[in-house]
Amino acid sequence: MKAWHALVPIKAAADRKTRLADRLSPGERIALSERMLRHVLAILQATEAIGSITLLASDPVAGWYGARLSDDGRGLNAEVQAAAARIGDPLLVIHADLPALAVADIRALTHAGRNGVALAADRHRRGTNAIALGRRDDFVFAFGPDSLARHRTQCSATAIIERPGLALDIDVFEDLTLFAGDRAARQAQIAF
Ligand SMILES: Nc1nc2c(ncn2[C@@H]2O[C@H](COP(=O)(O)OP(=O)(O)OP(=O)(O)O)[C@@H](O)[C@H]2O)c(=O)[nH]1
Ligand SMILES: O=C(O)[C@H](O)COP(=O)(O)O
């Protein structure tokens, strides 16, 4: 199997984690999203199956000197679709807000997707936090509410992967308390 390309979309700093805006200051939200991004990138770098990592971002990201494709503001799905066409397969698209992600999670997802498509379900089994495309150049990205159902109907043999490290994305404050506990989440003192 060829080495996987990883694509990590990340919003412009000021737009990240808006659903936490009633609990965290803008600075705390940026700091949290940067720590989670660094964690996801470190896990990808530590996974032997991953041969390249590309950020999809409108601006340069502090501390990242690797590849970046520019986001032209057409929305997540259109941007990922265009980036995927440029990068080729096998391709792993993975969100940047997975603080519990581990190397074993990436191994499991890429293994499951090596001959087709594997989807990483969020903890509600409604969203999609990562997609491994071993061999599907006609896959249509459909991130957004209930994306798991939309993604899975594209191919009858799609594998659904449910693992804690892939399932816990940080959207709302409850996700933070699940990951870090009440006190740490309230103080935005989340270590990982
Ligand atoms: N490049 C890029 N990344 C995006 C875009 N929209 C979402 N993302 C990234 O896709 C992943 C999932 O995004 P969301 O959970 O919807 O966004 P979020 O900023 O994390 O949270 P909210 O602002 O609360 O919706 C995260 O890594 C985001 O940074 C986009 O339009 N462009
Ligand atoms: O496809 C999805 O589930 C959404 O893009 C993901 O994100 P969210 O659960 O982080 O909003």
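Residues numbered from 1 in each chain as written. Chains lettered and ligands numbered in written order. Predicted model: local features only at pLDDT ≥ 70, side-chain atom pairs only at ≥ 80, totals over all residues. Heavy atoms only, no water.

J.: Describe the site of ligand 2, with residues and values.
T.: Near ligand 2 you find Arg19, His95, Asp97, Gly127, Thr128, Phe143, Gly144, Ser147, Asp169 and Asp171, and these make up its full shell. Note that an oxygen atom of ligand 2 is positioned 2.8 Å from one of the side-chain N or O atoms of Arg19. Gly144 places a polar main-chain atom, nitrogen or oxygen, 3.0 Å from an oxygen atom of ligand 2. The protein chains hide 83% of the 310 Å² of surface that ligand 2 would expose on its own. Across the shell around ligand 2, the residue classes break down as one nonpolar, five polar and four charged. (Near = heavy atom within 4 Å. Polar contact = N/O pair within 3.5 Å; in protein donor to acceptor, adjacent residues only side chain to side chain. Areas by Shrake-Rupley, 256 points an atom, 1.4 Å probe, with all protein chains shown as cover. Nonpolar A, V, L, I, M, F, W, Y, C, P; charged D, E, K, R; others polar.)

J.: How would you explain the site of ligand 1 if you had to name every residue and give the values?
T.: Around ligand 1 sit 16 residues in total, of which Lys11, Lys17, Thr18, Arg19 and Asp71 are the nearest. Here an oxygen atom of ligand 1 and a side-chain polar atom of Lys11 are 2.8 Å apart. Taking Asp71, its side chain carries an N or O atom lying 2.6 Å from a nitrogen atom of ligand 1. Summarising the interface, the protein chains cover 85% of the accessible area of ligand 1, which totals 620 Å² for the free molecule. The residue makeup of the shell around ligand 1, split by class, is five nonpolar, three polar and eight charged.

J.: Requested: an account of the environment of Asn129, with residues and values cited.
T.: Here Asn129 lies in strand E6 (residues 128-133). The class for Asn129 is buried, based on a relative accessible area of 2%. Distance from Asn129 to Ala157, taken between C-alpha atoms, is 19 Å for residues 28 residues apart in sequence. Other than its neighbours up to four places away in sequence, Asn129 contacts Val93, Ile94, His95, Leu98, Ala120, Ala121, Asp122, Leu166, Ala167, Leu168 and Asp169. Here Ala167 takes part through its backbone oxygen, which lies 3.4 Å from a polar atom of the side chain of Asn129. (Helix = DSSP H or I, 4+ residues; strand = E, 2+ residues; numbered from the N terminus. Buried < 20%, exposed > 50% of the residue type's maximum accessible area, 1.4 Å probe, protein only. Contact = heavy atoms within 4.5 Å.)

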